[in-house]
Amino acid sequence: MKIRIWINVFLFFCIIFLLANLFLEKKDAEKKISLLTNINSDTIDEIYIQRKNLENIIFKKQNEKWSMDFPFKITANAQRIESILEILKAPVYAKFDVDSIDPVQFDLKNPRILLKLNERQLLFGTTNPIDQKRYVLFGKNIYIIEDALYPQLMTNPIFFIDNKVLPNEARITSINYPNYNFKINDNTWQSTSTIYSVEQIKKIIYKWESMIAVSISKYEEIETKKKISIKTSSNEQIDFMILATHPYLILGREDLGIQYNIGNDD
């Protein structure tokens, strides 16, 4: 009985020892993987995406907020901008001196994507056929990194637009619907319709100011349409075309060429 106990104790310590070794080996491996750059993403204030046979995309940061400058002039999706900037800290699995190999074999001579972060350029080449990691030319070196970003950079520019229907800073002062309107006067909301109380109007205003679209798509023109005009405290007027109300609401920004698909709850 005592022998069995000692055997179990011995096996227990062997397992602990093996687990500790595995943990240390993993830490050592993590330390050996270098990062693509040591650039702080907070220092980047302009992103330019040049895409072969596709529309280019430009983002600019002002007052710590990112906007798309081309092909749309609108607030950018902050999370998707962050995913672009994450490439600065991408783990590097291999590195080659560009002068020692031919960039053509990695499709880097005429790349499909050129990503420019301020003045720094990253060229995206082909993928490794074995592990599907991406070849990227940065500076004087070709690096092998994960391929998570490339598919995003090749997608429709609408993918990078913020799903929030109104700008974050927008404070509504009036809404003109097709048959009635709301307007604030002396800090009190008024309506040309008698069916809405002040509290109901406040809830509607709050809903507008916080509304997030389920998805965004390219604007589709329709023959018959009605308009909702919103004015803000900055004296801006934003017009939404009512493109559909069933089975769910679709609001179009004709001036931007996009439309918001609104969830049933909103």
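Look up: the structure comes first, before these words.
The present account deals with the structure reproduced in this document. Residue numbers run consecutively from 1 along every chain, following the written order of its sequence. Reporting in this predicted model follows two pLDDT cut-offs: at least 70 for local features of residues, and 80 or more for side-chain atom pairs to be given and counted; totals over whole chains, interfaces and linings ignore these cut-offs and use all residues. Water and hydrogen atoms play no part in the side-chain values, which are based on all heavy atoms of the structure.

Here we come to helix H2 (residues 78-85). Among all positions in H2, only Ile 81, Ser 83, Ile 84 and Leu 85 are buried. Residues are treated as being in contact if the distance between any of their heavy atoms lies within 4.5 Å. Counting from the N terminus, the helices are the DSSP runs of H or I reaching at least four residues and the strands are the DSSP runs of E reaching at least two. Contacts from the buried residues of H2 go to strand S2 (46-51), strand S3 (57-62), strand S4 (65-70), strand S8 (113-117) and helix H3 (150-153). Looking at where H2 begins, the residue whose side-chain oxygen comes 3.1 Å from the main-chain nitrogen of Gln 79 is Asn 77. Each residue's exposure class comes from its accessible area (1.4 Å probe, protein chains only) as a fraction of the maximum for that residue type: buried when under 20%, exposed when over 50%, partly exposed otherwise. For the purposes of these results, a polar contact is taken to be a pair of N or O atoms within 3.5 Å, where, inside protein, one atom must be able to donate a hydrogen and its partner to accept one; residues adjacent in sequence count only when each atom of the pair is a side-chain atom.

We now examine the pairing of S8. Within a regular beta strand, the side chains point alternately toward one face of the sheet and then the other, so they alternate between its two faces. For S8, a buried count of 4 out of 5 residues is recorded, marking the element as mostly surrounded by other parts of the structure. Any two strands between which DSSP finds at least two bridges are classified as paired. Examined bridge by bridge, S2 and S8 share 5 bridges and lie antiparallel to one another. Counted as the bridge partner of Ile 49 is Leu 115 from S8. Judged from the 5 bridges that link them, S8 and strand S9 (residues 120-127) form a sheet pairing that is antiparallel. Bridge pairing in S9 links Lys 116 to Gln 121. What sits between S8 and S9 in their antiparallel hairpin is a turn of 2 residues, with Asn 118 showing a positive phi close to 55°.

This next bit is on the sheet that holds S4. The strand order S5-S4-S3-S2-S8-S9-S10-S11-S7 describes an open sheet built from 9 strands, whose pairing is antiparallel. In this open sheet, the two edge strands, each paired with only one partner strand, are strand S5 (74-75) and strand S7 (94-97). Relative to strand S10 (residues 134-138), S9 runs antiparallel, the two sharing 4 bridges. In the strand pairing of S10, Thr 127 is matched with Arg 134. Interaxial angles span 0 to 180 degrees and are taken between N-to-C directions of axes, which are lines fitted to C-alpha atoms, for helices over the stretch in contact. Along the sheet, H2 makes contact with S2, S3, S4 and S8, crossing S2 at roughly 75°.

Attention now goes to the sheet that holds strand S19 (residues 258-261). Pairing between the strands of a sheet comes from backbone hydrogen bonds, and it takes one of two forms, parallel or antiparallel. Read across the open sheet, the 8 strands follow the order S14-S13-S12-S16-S17-S18-S19-S15; overall the sheet is antiparallel. Both edges of this open sheet fall to strand S14 (188-191) and strand S15 (215-218), since each of them pairs with a single strand only. Looking at each pair of strands side by side, their axes are set apart by 30° on average, direction ignored. Pairing geometry for strand S18 (residues 250-253) and S19, over 4 bridges, is antiparallel. Bridge pairing links Ile 250 to Asn 261 in S19. On top of the sheet, helix H4 (residues 198-210) reaches strand S12 (172-176), strand S13 (181-185), S14, strand S16 (226-232), strand S17 (237-244) and S18; it is set at about 100° to S14, its chief contact.

Only the six-membered ring of Trp is used, alongside the rings of Phe and Tyr, when aromatic pairs are assigned; centres must lie within 6.5 Å, and planes under 30 degrees apart are stacked while those over 60 apart are edge-to-face, with the rest tilted. Evaluation of the coordinates by the stated rule reveals 12 aromatic pairs. Taken together, Tyr 177, Tyr 180, Phe 182 and Tyr 196 form an aromatic cluster joined through their ring pairs. Here the guanidinium or amino end of Lys 133 rests over the ring plane of Tyr 93, the centre of that ring lying 4.7 Å away. Criterion for a charge above a ring: Lys NZ or Arg CZ within 6 Å of the ring centre, and within 35 degrees of the ring normal. Over the ring of Phe 240 we find Arg 253, and its NZ or CZ is 5.9 Å from the ring centre.

All right, on to the pattern of salt bridges then. Salt bridge, as used here, is a side-chain nitrogen of Lys or Arg placed within 4 Å of a carboxyl oxygen of Asp or Glu. All chains considered together, the criterion is met by 10 salt bridges. We note a salt bridge from Lys 65 to Glu 169, for which the minimum N-O separation is 4.0 Å. Residue Lys 65 is found in strand S4, and its partner Glu 169 is found in the loop between H3 and S12; the two are separated by 104 residues along the sequence. Two residues, Arg 120 and Glu 119, come together in a salt bridge whose shortest N-O distance is 3.5 Å. A residue is classified by how much of its surface remains accessible, and Arg 120, at 28% relative accessible area, is partly exposed. Exposure remark for Glu 119: the relative accessible area of 55% places this residue in the exposed category.

Cis geometry is adopted by the peptide bond preceding Pro 71, which originates at Phe 70 and carries an omega value of 5°. Relative to the helices and strands, Pro 71 is located in the loop between S4 and S5. Here His 246 and Pro 247 are connected by a cis peptide whose omega angle stands at 0°. For Pro 247, the location among the structural elements is in the loop between S17 and S18.

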